[in-house]
Structures are given as structure tokens and as C-alpha cells.
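Each chain, letter by letter, is given below.
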Amino acid sequence: MAKLDQLARQAGADRALAGSIVWNDKELGWIADWRLAEHGKTYQWQVRGVSFDEAFRVAVKGAAQILSGNGQP
């Protein structure tokens, strides 16, 4: 995450939200894993079996929760 945050700062952002989204036939949806570093801690959260759009909503909601100081998504 440190390297991604450094690249994000070079691009004019404060930090990076990193993740992956993979289709899963068994779940009949997308599995998304997200990571965000804040105050020396890397937070990780996941959602399974959702639409592609919902996977991104979970990413933004989780990042907002962390950055607002309300802990783990």
C-alpha cells in the first residue's frame, strides 16, 4: 500500500484505494477485495456475490467509513 499511496500522491491524490474484482460462477456474482491505508493501518474488506456496480459502491462506502474515522467497514 505504501507504494500505491506514493503513486497516488504523485498523481495529485491523498492515498490509494486498491482492490480486485473477480467473477465467480459459484457465487453468481462478483467477489471484490478492497484495501486502504489510513494512519499506519491497512484496512481490508470484501463483498461476495454482488453486481459489478455494488462492488464499487462497497468500495466507496468502506473508504468513506475509514476516512471519516468510523473504523473497519
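Refer to the structure presented above.
Read on for an overview of the structure.

Cut-offs used in this document
- Residues numbered from 1 in each chain as written.
- Predicted model: local features only at pLDDT ≥ 70, side-chain atom pairs only at ≥ 80, totals over all residues.
- Heavy atoms only, no water.
- Helix = DSSP H or I, 4+ residues; strand = E, 2+ residues; numbered from the N terminus.
- Pairing = 2+ DSSP bridges.
- Axes fitted to C-alpha atoms, helices over the stretch in contact; angles between N-to-C directions.
- Contact = heavy atoms within 4.5 Å.

## Considerations on the environment of I31
Position of I31 among the secondary structure elements: in strand β2 (residues 29-38). Through-space distance from the C-alpha of I31 to that of G69 is 26 Å; in sequence the pair is 38 residues apart.

## Quick look at the sheet that holds β2
The strand order across the open sheet formed by 3 strands is β1-β2-β3, and the pairing between neighbours is antiparallel. Strands with a single pairing partner mark the edges of an open sheet, and in this sheet they are β1 (17-24) and β3 (41-50). The average angle at which neighbouring strand axes cross in this sheet is 10°, direction not considered. Pairing of β1 with β2 involves 8 bridges; the strand directions are antiparallel. Paired with I21 across the bridge in β2 is A32. Packed on one face of the sheet, helix α2 (residues 52-67) meets β1, β2 and β3 and runs near 155° to β3.

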